[in-house]
Amino acid sequence: MTQADLLLDPEFLSRLERLTLLSRRVYRSGLRGERRSGTLGRGVEFADYRSYHPGDDFRYVDWNIYSRLDRLFVKLFSEDEDITVHLFVDVSRSMGWGQPSKLDYAVRVAAALGYIGLANLDRVGAVAFSDRPQKTLAPRRGRVGAHTLFRFLGGLAPDGRSNLAAALKEYSLRTRRRGVLVVISDLMFPDGIAAGLRLARYYRFEPFLVHLLSDEELQPIVDGDLRLVDVETGAAVEVTADGTTMDAYAHARDRYFNEIEQFCLRHQIEYLRAATSIPFEDLILRYLRAGGLIA
Amino acid sequence: MTFGTPAALWWLVLVPVVVLLYMLRARREPRLVPSVMLWERATRDLVARLPMRRLERNLLLLLQVLTIAVIVLALARPSVALRGFAGDAVVLVIDASASMQATDVAPTRLVAAQQAAAALLERLGPRQPIAVVVAGLRPRLIAEFTTDRAALASAVRAIQASDAASALDGAVTLAASLRASGRPAAVHVFGDRAPSDSTVTWHAVGRGAPNAGITAAQTRLDARGHTQLMVRVEAFGETSARSVAVSMEGRTLASREVRLVPGTPQVALFDLARTSGVAEVMLRGRDALAADDRAVVAVGREGQPTILVVGDPNPVIDAVFRALPAAEVIRRAEVAPDHWGRAALVVLDRVAPLALPPGAYLLVGTIGTNLPVQIEGTAAQQTIRAVSTTHPVTRLVDLRGARVADALAIRPQGGVVLVEGDVPLVWAYEGRGLRVVVLLFDPLASDLPVHPAFPVLIANAVDWLAGSPQAKLGDAPVIAAGTWSRATLLDPQGGSQEVAAQDGVFVLPPMDQVGVYRLRTAGWERRWVISTADPRESSLAIEPAAAAKPAGPPLPQLAQVRLTPWLLGVAVVLIAGEWWLWVRTLPRRSHQKGVP
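Residues numbered from 1 in each chain as written. Chains lettered and ligands numbered in written order. Predicted model: local features only at pLDDT ≥ 70, side-chain atom pairs only at ≥ 80, totals over all residues. Heavy atoms only, no water.

## Brief notes about the overall build of chain A
And then number 1: Each helix and strand in chain A was counted, giving 9 helices and 11 strands.
And then number 2: Out of the 295 residues belonging to chain A, those deemed buried represent 54%.
And then number 3: Within chain A, counting contacts between residues at least 6 apart in sequence, those at least 24 apart form 77% of the total.
And then number 4: For chain A, the accessible area works out to roughly 13,500 Å², and carbon and sulfur atoms hold 48% of it. (Helix = DSSP H or I, 4+ residues; strand = E, 2+ residues; numbered from the N terminus. Buried < 20%, exposed > 50% of the residue type's maximum accessible area, 1.4 Å probe, protein only. Contact = heavy atoms within 4.5 Å. Areas by Shrake-Rupley, 256 points an atom, 1.4 Å probe, with all protein chains shown as cover.)

Printed below as a string of structure tokens:
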């Protein structure tokens, strides 16, 4: 058993197989998939009627209606299509923080979501990004791709500074496939998240934000006069960690979270914030289901 | 504001130390964090509130500095005089000094003061607690706070003037320290001298009058062995012609006319030949104060100590004491401390070491087991190398070069080594009720008896140890009681009081009257002679009140309020405030907006 296999235990994997990734939109990949889409086409499940137009396939004409109404109607069926899931995992240096580290947690979340997608014959690709896509795993389909995905995710290590916009821009230019873009990150982007997510929308991705935070970021345990040094940028801030300062930190934290929530609401982006201290299984089986990413 | 312990204010140096520590504390410790993004946002918010933040931080420092300052101030025991702070209680302070016997107001100043105090007692409300303090030689509380007017009036009437000066300010301090139901009392002083405390009310008695008095009387032996009596007489206020008469046992021995001019003391000398006894000196003629017109002196043998020599006959010691002036030299072979109290000096000559009862001792070739010395054996063939030149026992004594065949080797833990060779040879000690001179060798085993300085050494030792029966006003002798448990003290006025032995000694009350005091037991008697009244009491002028306010229309009383309890209360409040502020600045747990 490799390290990649240890990301998820078999029992948990079997529970994941009963889940499905949800998408609001249908992406034209040219290949029919296992997912019932809103597109009416050549599926097996009846959906509706419409008037016959010259050129329509005679095999779909409903002759029973023609005999009763003396008009030609064509039967319409739901078309099954596949979607592509892009797992966009932040591997910047700040993701190495926490116990367990945010990156470890993010890798397991990505592995679980990827496995759900693969089990449902969706196409699943993965990208490890910091200020640019560091490593990329091309989308693949079927359970056979799970081992490759797990090995890819298991080999990730925190490094570099983070820039979502730059990484997304570069990735969008590399790939033609559009689909669900699951960004798993601590969102500690000095340049913010707005530009990156707008870019994702522009390139017709359907972003889903999974915001991971360690307890130390939610509630820093600091006291006294300190010089706080950013592990990514080396920037320093001098603080006196008294009650007033901690109140200010809590206020700034909540305001930042609120900004993200408002942005996501305005741009119809699903957003889920989680602390790495909550059990991983709960996040997948409860919170992500409630968040509308999986069903 | 006055301070009881102003030296405590030196602790204020802690204030700059605290400020310095506060400045040094600002060194920042570097710490890695995943991102400073939120911290930067937080500090931007804080910058907007920077003045308030600075104020909070400085407030903490300010509170610390204030707390230290208040505690230091409390340690300095400050007090302030506040009007209207006194409760209903009143303390009457009656001056009982010698000048209160003056008759410039009829019948005497003391009686006038007692009447004024009684009148005030009448005026005060029946529920007001009142205490009485006598300003005598030492301040004395003779009636604690009570509303029993009859008992108070009786206590005031019982006060008698002494021949000494009074500790008036001490009495006022005692009165100001008294509390009735936790509140200070108003202090009223009745006397002829203004107290220095401005918060008390002074009821002046006396109008001021000219006076003349005996301000000193001393005797000394001249070369012929005659007693010379010196009497100093002074006039205060006006010139007068008076006569000085010396009498003994009712018989006038001599008299002399003197013309007294204020500011010029007159000295009269009387040759009393070889008379022995207690002589009375009178300044004849009337004036306002009789107490200083009389002096008493011990003359001849009466003025010399009784010496008890204990031990086997010793030709050297016997010869020396035969030559010394002494009222009586008693020799006893047996060691019987019960009878030692009758002698002013006990000489223990080569007796076995024993624990010494309180008293004065000359030890010859022995040691007291209760003296602070460690005996280290004996030392042979000692040559005297050093003699103290400052101690009265070795004044005019030079024994250097004298040799001692055998001496006790001791290591003193206190006292003074007066004569030494390789080891201490003569040692003096004073303490624990003892005054001791120790010759650590047998004079017969040395060449000291033939040394001309030896009798001088013994004479000096006797003077230092026994002194003379002539005592000073205020002396409170401590006498070895031996097996006696009680004794009777007779004062010059004929009064007597029982004195009980405590821990083997009779502790006598301070002597404050001119005349002869006698301490009697069934076996022996000791005498002390107080010569003259306190010369400071002879001037009967009434000085204007410099500080204390004279009695007038009733005003809200000034009371000396001690601030220490209040300051300690303020310090507690400050510490609580500082704690609250500190807790407020501690990091607090807030709602975690991180869980979905």
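## A few points about the overall build of chain B
And then number 1: Assigned secondary structure in chain B consists of 9 helices and 36 strands.
And then number 2: Counting the 596 residues in chain B, one finds 47% classified as buried.
And then number 3: A sequence separation of at least 24 residues applies to 68% of the contacts in chain B between residues at least 6 apart.
And then number 4: By element, 56% of the accessible surface of chain B is carried by carbon and sulfur atoms, the whole surface being about 28,700 Å².

## A look at the sheet that holds strand E16 (residues 277-284) of chain B
Residues and elements named next belong to chain B.
And then number 1: Taken together, the 4 strands give an open sheet; going across it, the order is E14-E13-E16-E17, and neighbouring strands pair in antiparallel fashion. The sheet is open, and its two borders are formed by strand E14 (251-260) and strand E17 (294-299), each paired with just one other strand. On average, each strand axis in the sheet is inclined to that of its neighbour by 20 degrees, with strand direction left out of account.
And then number 2: Bridge count for E16 against E17 is 6 bridges, and the pairing is antiparallel. The residue bridging Val278 from the neighbouring strand is Ala298, located in E17. (Pairing = 2+ DSSP bridges. Axes fitted to C-alpha atoms, helices over the stretch in contact; angles between N-to-C directions.)

## Observations regarding the nonpolar core
All names here are of chain A.
And then number 1: Within the largest apolar cluster, 51 residues are counted, with the highest numbers of intra-cluster contacts made by Leu16, Val182 and Ile284.
And then number 2: Among the elements that make up this core, the one with the highest residue count is helix H3 (residues 102-119) (12 residues).
And then number 3: The next biggest cluster of nonpolar side chains, apart from the first, holds 45 residues, and it includes Phe88, Phe129, Ile193 and Val239. (Core = buried A, V, L, I, M, F, W, Y, C linked by side-chain atoms within 4.5 Å.)

## As for the pattern of salt bridges
Two side chains of opposite charge can pair, provided their charged atoms sit close to one another.
And then number 1: Taken as a whole, this structure holds 28 salt bridges over all chains when the rule is applied.
And then number 2: Across the salt bridge formed by Glu234(B) and Arg232(B), the nearest N and O atoms sit 3.7 Å from each other.
And then number 3: On the basis of relative accessibility, which here comes to 18%, the residue Glu234(B) falls in the buried class.
And then number 4: Given a relative accessible area of 31%, Arg232(B) falls into the partly exposed group.
And then number 5: Glu376(B) is the partner of Arg411(B) in a salt bridge, and the nearest nitrogen-oxygen pair spans 3.2 Å. Taken together, the residues Arg411(B) in strand E24 (residues 403-412) and Glu376(B) in strand E22 (residues 373-383) connect sequence positions 35 residues apart.
And then number 6: Residue classification places Glu376(B) among the partly exposed residues on the basis of a relative accessible area of 43%.
And then number 7: If you follow the salt bridges from partner to partner, you end up with Lys102(A), Asp186(A) and Glu217(A) in one network. (Salt bridge = Lys/Arg side-chain N within 4 Å of Asp/Glu carboxyl O.)

## Concerning the pairing of strand E5 (residues 123-129) of chain A
All names here are of chain A.
And then number 1: E5 sits mainly inside the fold: 7 of its 7 residues count as buried.
And then number 2: Residues Arg123, Gly125, Val127 and Phe129 of E5 are buried on one face, and the alternating residues Val124, Ala126 and Ala128, pointing to the opposite face, are buried as well.
And then number 3: In this fold, the crossover linking strand E4 (residues 84-90) to E5 by way of H3 has right-handed handedness.
And then number 4: Bridge count for E5 against strand E6 (residues 133-141) is 6 bridges, and the pairing is antiparallel. If you follow Arg123 over to E6, its bridge partner there is Arg141.
And then number 5: Between E5 and E6, which pair antiparallel one after the other, the connecting turn spans 3 residues. (Right-handed = clockwise from strand over helix to strand, strands pointing away.)

## A closer look at the environment of Gly192(A)
Residue and element names in this part refer to chain A.
And then number 1: Examined against the element boundaries, Gly192 turns out to sit in the loop between strand E7 (180-185) and helix H6 (194-202).
And then number 2: The class of Gly192 is partly exposed, set by a relative accessible area of 25%.
And then number 3: Between the C-alpha atom of Gly192 and that of Ser162, which follows or precedes it by 30 residues, the distance is 10.0 Å.

## What to know about the pairing of strand E11 (residues 211-221) of chain B
All names here are of chain B.
And then number 1: Note that E11 and strand E12 (residues 227-236) share 10 bridges and pair antiparallel. Residue pairing in the sheet places Thr219 in a bridge with Leu229 of E12.
And then number 2: Between E11 and E12, which pair antiparallel and follow one another directly, the connecting turn spans 5 residues, one of which, Gly225, has a positive phi of 90 degrees.

## Points about the packing of aromatic side chains
And then number 1: Going through the model one piece at a time under the given rule, you end up with 13 aromatic pairs over all chains.
And then number 2: Centre to centre, the rings of Tyr52(A) and Phe58(A) are 5.8 Å apart; their planes meet at 20 degrees, and the pair counts as stacked.
And then number 3: Ring centres of Trp63(A) and Tyr66(A) lie 6.0 Å apart, and the angle between their planes is 85 degrees; on these two criteria the pair is classed as edge-to-face. Of this pair, Trp63(A) and Tyr66(A) both sit in helix H2 (residues 63-69), 3 residues apart, roughly one helical turn.
And then number 4: When the ring centre of Phe270(B) is taken as reference, the NZ or CZ atom of Arg256(B) above it lies at 4.6 Å. (Phe/Tyr/Trp six-rings, centres within 6.5 Å; stacked < 30°, edge-to-face > 60°. Lys NZ or Arg CZ within 6 Å of the ring centre and 35° of its normal.)

## Regarding H3(A)
All names here are of chain A.
And then number 1: Between its terminal C-alpha atoms H3 stretches 25 Å, which fits the 26 Å expected from 18 residues at 1.5 Å a residue.
And then number 2: Taken across its 18 residues, H3 has 16 buried, putting it largely inside the fold.
And then number 3: In the stretch just after H3, Leu121 is the one whose phi turns positive, near 60 degrees. (Expected span 1.5 Å × (residues − 1).)

## As for the sheet that holds strand E33 (residues 515-520) of chain B
Residues and elements named next belong to chain B.
And then number 1: Strand order in the open sheet made by the 5 strands is E28-E34-E33-E30-E31, with mixed pairing throughout. Looking along the sheet, the strands with just one partner apiece sit at the ends: strand E28 (470-471) and strand E31 (496-500).
And then number 2: Where strand E30 (residues 486-490) meets E31, 5 bridges bridge the pair, whose relative direction is antiparallel. Note that in E31 the partner of Leu489 across the bridge is Gln497.

## Looking at the confidence of the model for chain B
Residues and elements named next belong to chain B.
And then number 1: Residue-level pLDDT values for chain B average 84, and 91% of them are 70 or greater.
And then number 2: Mean pLDDT across the secondary structure elements of chain B bottoms out at strand E35 (residues 549-550), with 58, and peaks at strand E5 (residues 130-135), with 94.
And then number 3: Contacts from residues 589-596, a stretch scored under 50 in pLDDT, to residues over four places away or in other chains number 27 contacts. (pLDDT = per-residue confidence, 0-100.)

## Thoughts on the confidence of the model for chain A
All names here are of chain A.
And then number 1: In the predicted model, chain A carries a mean pLDDT of 82, and the fraction of residues at 70 or more is 86%.
And then number 2: The weakest mean pLDDT in chain A belongs to strand E1 (residues 32-41) at 47; the strongest belongs to E5 at 92.
And then number 3: Counting contacts from residues 1-5, a segment whose pLDDT is below 50, to residues more than four positions away or on other chains yields 6 contacts.

## Some thoughts on the packing of helix H7 (residues 315-323) of chain B against helix H8 (residues 453-466) of chain B
Residue and element names in this part refer to chain B.
And then number 1: Two elements in contact, H7 and H8, have axes whose closest approach is 10 Å; the angle formed by their N-to-C orientations is 65 degrees. If you check the angle between H7 and H8, you find them roughly perpendicular. Note on packing geometry: the crossing formed by H7 with H8 is right-handed. For the pair H7 and H8, contact is made by Val316, Val320 and Phe321 and by Phe454, Ile458 and Val462, respectively.
And then number 2: For the contact of H7 with H8, the residue count by class is 6 nonpolar, no polar and no charged. (Parallel < 35°, antiparallel > 145°, perpendicular 65-115°, else oblique. Left-handed = near helix turned anticlockwise from the far one by under 90°. Nonpolar A, V, L, I, M, F, W, Y, C, P; charged D, E, K, R; others polar.)

## Let's talk about the environment of Gly401(B)
Residue and element names in this part refer to chain B.
And then number 1: Along the polypeptide, Gly401 turns up in the loop between strand E23 (386-387) and E24.
And then number 2: Measuring from C-alpha to C-alpha, the distance between Gly401 and Ile384 comes to 5.3 Å, with 17 residues separating the pair along the chain.
And then number 3: For Gly401, the contacting residues outside a window of four places in its chain are Thr383 and Ile384.

## Focus: a nonpolar patch on the surface
And then number 1: A surface patch of nonpolar side chains, amounting to about 910 Å² of accessible area, comprises Trp10(B), Trp11(B), Val13(B), Leu14(B), Val17(B), Leu21(B), Ile71(B), Leu75(B) and Ile575(B).
And then number 2: Secondary-structure elements contributing two or more residues to the nonpolar patch are helix H1 (14-24) and helix H3 (50-75) of chain B. (Patch = residues over 30% accessible without salt bridge, like charges linked within 9 Å, V, L, I, M, F, W, Y side chains within 5 Å.)

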